[in-house]
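# Per-entry structural report
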Amino acid sequence: MKALVIGATGATGKDLVNQLLQDKDFEEVDIFVRKPINLQNDKLKTHIVDFEKPEEWKNLVKGDVIFSCLGTTLKAAGSKEAQRKVDYDYQYQFAKAAKENNVDDYILVSSYGADSKSRIFYSKMKGELEDAVKQLHFTKITIFQPGILERKESDRTGEVLGSRIIKFANKLGLFESQKPLPTNILAKAMINSSKIKSNGYSKIKLGNIFCFAEKSNE
């Protein structure tokens, strides 16, 4: 299979790409990034793109499965408008290009609580993206809604603190269905989902993501 990845430089994306490169079922891994990355592999093809100019790269979005895990924080983006451009606009444009190029399988990392009717900006934005990509009518679409992610060397203070609190609660037998999710586990679940031969729409939430990561696709 040939995998297409957007968001390859983020924590989940890095784990995803490394696992894809080690997976014998994938012969080629194409990543679309804004600047060069320090990673070399015979299976890896890196496309340096300007996401503001889809007309320059949309014809390159060709393969068997697209993994969309691009995202930023409000703090890093600087404004809601800038965050939406990364978390919604760029991902939707990439998905649209994939559909136009007959990519059948679309896998999206969304967020717990994503809902286009939410009054919370982040949840509303994620929900609107989910709704928009569903309307592209991929043959198969899988949306992952993780809760708190455990990222290697994370600089997201709120996320790190939240993870510690949930882990402490887990030890007391509380919130076990909401335990923090390591990004390498999420990546494994995404890859496993791409190997399931099915059509239609699936939404994978919280604890079920751990189950997907453990699935065998022999």
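For the structure itself, consult the block above.
A few points on the structure.

Parameters and conventions
- Residues numbered from 1 in each chain as written.
- Predicted model: local features only at pLDDT ≥ 70, side-chain atom pairs only at ≥ 80, totals over all residues.
- Heavy atoms only, no water.
- Helix = DSSP H or I, 4+ residues; strand = E, 2+ residues; numbered from the N terminus.
- Buried < 20%, exposed > 50% of the residue type's maximum accessible area, 1.4 Å probe, protein only.
- Contact = heavy atoms within 4.5 Å.
- Areas by Shrake-Rupley, 256 points an atom, 1.4 Å probe, with all protein chains shown as cover.
- Pairing = 2+ DSSP bridges.
- Axes fitted to C-alpha atoms, helices over the stretch in contact; angles between N-to-C directions.
- Expected span 1.5 Å × (residues − 1).
- Core = buried A, V, L, I, M, F, W, Y, C linked by side-chain atoms within 4.5 Å.
- Parallel < 35°, antiparallel > 145°, perpendicular 65-115°, else oblique.
- Left-handed = near helix turned anticlockwise from the far one by under 90°.
- Nonpolar A, V, L, I, M, F, W, Y, C, P; charged D, E, K, R; others polar.
- Right-handed = clockwise from strand over helix to strand, strands pointing away.

## Examining the overall build of the protein chain
- Helices and strands together make up the secondary structure of the protein chain, namely seven helices and nine strands.
- Counting only residues that meet the buried cut, the protein chain has 45% of its 218 residues in that class.
- In the protein chain, the share of contacts with a sequence separation of at least 24, taken over all contacts with a separation of at least 6, comes to 67%.
- Counting only carbon and sulfur atoms, one obtains 49% of the accessible surface of the protein chain, whose full area is about 11700 Å².

## Side note on the sheet that holds strand β1 (residues 2–6)
- Reading across from one edge, β3-β2-β1-β4-β5-β6-β9 is the order of the seven strands in this open sheet, with parallel pairing throughout. Each of the sheet's edge strands pairs with one partner strand only, and the pair in question is β3 (44–48) and β9 (200–205). The average angle at which neighbouring strand axes cross in this sheet is 15 degrees, direction not considered.
- Bridging between strand β2 (residues 28–33) and β3 involves five bridges; their strand directions are parallel.

## Side note on helix α6 (residues 183–194)
- With twelve residues, α6 should cover 16 Å at 1.5 Å per step; its first-to-last C-alpha distance of 17 Å lies within 8% of that length.
- Along α6, the residues classified as buried are Thr 183, Leu 186, Ala 187, Ala 189, Met 190, Ile 191, Asn 192, Ser 193 and Ser 194.

## Regarding helix α1 (residues 11–22)
- Here α1 is twelve residues long and its end C-alpha atoms lie 17 Å apart, about the 16 Å a rise of 1.5 Å per residue gives.
- For α1, the set of buried residues is Thr 12, Gly 13, Asp 15, Leu 16, Val 17, Leu 20 and Leu 21.
- Looking at the buried positions of α1, the neighbouring elements they touch are β1, β2, β3, β4 (65–68), β7 (149–150) and α6.

## Quick notes on the nonpolar core
- Core analysis: the biggest nonpolar cluster contains 30 residues, and Val 5, Leu 16, Leu 20, Phe 67 and Phe 144 have the highest contact counts within it.
- Where this core is concerned, the elements lending two or more residues are β1, α1, β2, β4, β5 (105–109), α6 and α7 (206–214).
- Residue contributions to this core peak at five residues, all from α6.
- Aside from chain neighbours lying at most four places away, what touches Phe 67 is Ala 3, Leu 4, Val 5, Ile 6, Leu 16, Leu 20, Phe 26, Ile 107, Met 190, Ile 191 and Ser 194.

## Remarks on the packing of helix α3 (residues 80–100) against helix α4 (residues 121–134)
- In contact at an axis separation of 10 Å, α3 and α4 are set at 15 degrees when each is read in the N-to-C sense. As summarised for this structure, α3 and α4 are arranged roughly parallel, according to the angle between their axes. The hand of the α3/α4 crossing is right-handed. Contacts between α3 and α4 involve Lys 80, Gln 83, Arg 84, Asp 87, Tyr 88, Gln 91, Tyr 92 and Ala 95 from the first element and Phe 121, Tyr 122, Met 125, Lys 126, Glu 128, Leu 129, Ala 132 and Val 133 from the second.
- Tallied by class, the residues present in the contact of α3 with α4 amount to nine nonpolar, two polar and five charged.

## Comments concerning the environment of Ile 141
- Relative to the assigned elements, Ile 141 resides in strand β6 (residues 140–145).
- A relative accessible area of 5% places Ile 141 in the buried class.
- Placed 53 residues apart in sequence, Ile 141 and Ser 194 show a C-alpha to C-alpha distance of 9.5 Å.
- With sequence-adjacent residues up to four places away left out, Ile 141 is seen in contact with Tyr 106, Val 133, Lys 134, Gly 200, Tyr 201 and Ser 202.

## With respect to the pairing of β2
- Burial analysis of β2 places five of its six residues in the buried class, the great majority of the element.
- With respect to chirality, the unit in which β1 leads through α1 into the neighbouring parallel β2 is right-handed.

## Observations regarding the environment of Gln 83
- Inspection of the secondary structure assignment puts Gln 83 in helix α3.
- Distance in space between the C-alpha atoms of Gln 83 and Thr 72 is 6.4 Å, their sequence separation being eleven residues.
- Excluding its chain neighbours within four sequence positions, the residues that come into contact with Gln 83 are Thr 72, Thr 73, Leu 74, Ala 77, Tyr 88, Phe 121, Tyr 122 and Met 125.

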